[in-house]
Each structure stands twice: as structure tokens, then as C-alpha cells.
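# Structural features, examined
Each chain, letter by letter, is given below.
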Amino acid sequence: TKVAVLVSGGGTNLQALIDKTAGGELPQVEIAKVISSKDGAFALERAEKAGIATAVAKEQAEVLDELKKSGAEIIVLAGYMRVLSPEIIENYRNRIINIHPSLIPKYCGKGFYGIRVHKAVIEAGEKESGATVHYVDEGVDTGEIIIQKKVPVMKGDTPEDLAARVLETEHKILAEGLKLVIDGLKGGKK
Ligand code: GRF
């Protein structure tokens, strides 16, 4: 299955998919293209090193064009910091997934991204946090949940400590979530 990955930054989630695809854990996946919203995103270097086609697309119309050219059947948002246009959502309904670094519906939506999520979890005194893979619909972090995994918040955790622990879990469940969608177990046949 051809997959396009949308990125904006460091690309550690992309790297996890690259490693698992190459390593045989995701044999059914071909990462056809990596599309970044930002020039110079390190995720682009990761893709180039893996011999994957890349593109930078800042406007949603460009993103849609790159997606169509890639032939991707499934789209993975991996650290992608933009809201997709309704046109893209319509074109790829129930075939777009996102990884979010919290137990959605907690600490998600506008304003909760990157380190802010973990700062809020710690300030709220939560005993646990986690990561979520969900379908992307017109809202922000509002689509049906595909898979979620909990992570403990440890005493004395800084937001950076928690971010790193959650990121490890993101890498694991993103691949699992992608498998579920491809296998159609999660309504991939919708
Ligand atoms: C991380 O905060 C991750 O939780 C979220 O996007 C950020 C960057 O991810 N998904 P990546 O390292 O660019 O994949």
C-alpha cells in the first residue's frame, strides 16, 4: 500500500515508519512520498537518506497536488503542524491518520501541540499520559480513535522528560495504527 507522510519538523515518527518498513515489520507499506510544510525540515533529510521522494508544499492546494501525484492511498500526518483543507479531507476520507502525543480527547485540539501538551499534563497533576493514532476529519484531533497507548507520568518529570517517553510510544503505535487501517480492521473499507 502506497503511503504519503506529511511532516513539518524533526521527523522521528517518519523515521520509525522508514525503519519498520525497511526492517520488515511493515511489509505491506511503501512510503511513496514525504511532503513537508517547511523548507529544511530534518524529516526531509531522513526521507532523502532513505531514497524516498520528497516535496515542500506550503499551500493546501499544493499538498493535494503532491498527494495525487504520489499515488498514495493512505496519508500519515507525522508531526505535521498544519490543518488539512476540507478538500483534502474529502478526497481521502477515512484514509488520513494522525499521531497525537496525548490520550485524546484530553489535551488535544488547537493550542495543544509539541511541548505544550506535556507541560499541561504535568501542571494538571496527571498520573498518566500517552499517545493516540486517530483518523483525521475536518476538526483538529477530533477523528475516530484507532489506537491509544498509556505512558506513566513520573514524579519530577519535566515536560521534556514526558515528551521523550511519549515519543517512544508514538513511534510504536503509529506503525500499529497504520497496519490496522491497511488491514481494514478499523474501517479501512469505509
Ligand atoms: C512531536 O511532538 C510528536 O509528539 C508530534 O509531532 C512532534 C514532532 O514529531 N506528533 P516528529 O519527531 O517530527 O515525528
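Computed from a predicted structure; not experimentally measured.

## Focus: the UniProt feature "active site" (unreviewed entry) in the protein chain
With numbering aligned to this structure, UniProt lists the feature "active site" (unreviewed entry) at His100. Note on placement: histidine 100 falls in strand 5 (residues 96-100). Residue histidine 100 is classed as buried on the basis of its relative accessible area of 3%. Contacts of histidine 100, omitting those with residues within four sequence positions, involve Tyr107, Cys108, Phe112, Val117, Gly130, Ala131, Thr132, His134 and Asp141.

## Thoughts on the site of the ligand
Around the ligand, the neighbouring residues are Gly10, Gly11, Thr12, Asn13, Gly79, Met81, Ile99, Pro101, Gly114, Leu167 and Glu170. Between the ligand and the protein, one listed contact pairs an oxygen atom with a side-chain N or O atom of glutamate 170 at 2.7 Å. In isolation the ligand offers 360 Å² of accessible surface; the protein chains occlude 84% of this area. Looking at the shell around the ligand, the elements with two or more residues in it are helix 1 (12-22) and helix 6 (159-182).

## Here we look at the sheet that holds strand 1 (residues 2-7)
Whether parallel or antiparallel, the strands of a sheet pair through hydrogen bonds between backbone atoms. With mixed pairing, the seven strands of this open sheet are ordered in space as 3-2-1-4-5-6-7. For this open sheet the edge positions go to strand 3 (53-56) and strand 7 (145-152), each flanked by a neighbour on one side alone. Across this sheet, the average inter-strand angle for adjacent strands is 20°, counted without regard to direction. Where strand 4 (residues 74-77) meets strand 5, three bridges bridge the pair, whose relative direction is parallel. Residue pairing in the sheet places leucine 77 in a bridge with asparagine 98 of strand 5. Across the sheet, helix 3 (residues 60-70) is in contact with strand 1, strand 2 (30-36), strand 3 and strand 4; its angle to strand 2 comes to roughly 165°.

## Side note on the environment of valine 136
As for its position among the elements, valine 136 is in the loop between strand 6 (128-135) and strand 7. Distance from valine 136 to leucine 84, taken between C-alpha atoms, is 8.7 Å for residues 52 residues apart in sequence.

Each value, and the rule that gives it
Residues numbered from 1 in each chain as written. Predicted model: local features only at pLDDT ≥ 70, side-chain atom pairs only at ≥ 80, totals over all residues. Heavy atoms only, no water. UniProt positions renumbered as here; feature names shortened; annotations may be inferred. Helix = DSSP H or I, 4+ residues; strand = E, 2+ residues; numbered from the N terminus. Buried < 20%, exposed > 50% of the residue type's maximum accessible area, 1.4 Å probe, protein only. Contact = heavy atoms within 4.5 Å. Near = heavy atom within 4 Å. Polar contact = N/O pair within 3.5 Å; in protein donor to acceptor, adjacent residues only side chain to side chain. Areas by Shrake-Rupley, 256 points an atom, 1.4 Å probe, with all protein chains shown as cover. Pairing = 2+ DSSP bridges. Axes fitted to C-alpha atoms, helices over the stretch in contact; angles between N-to-C directions.

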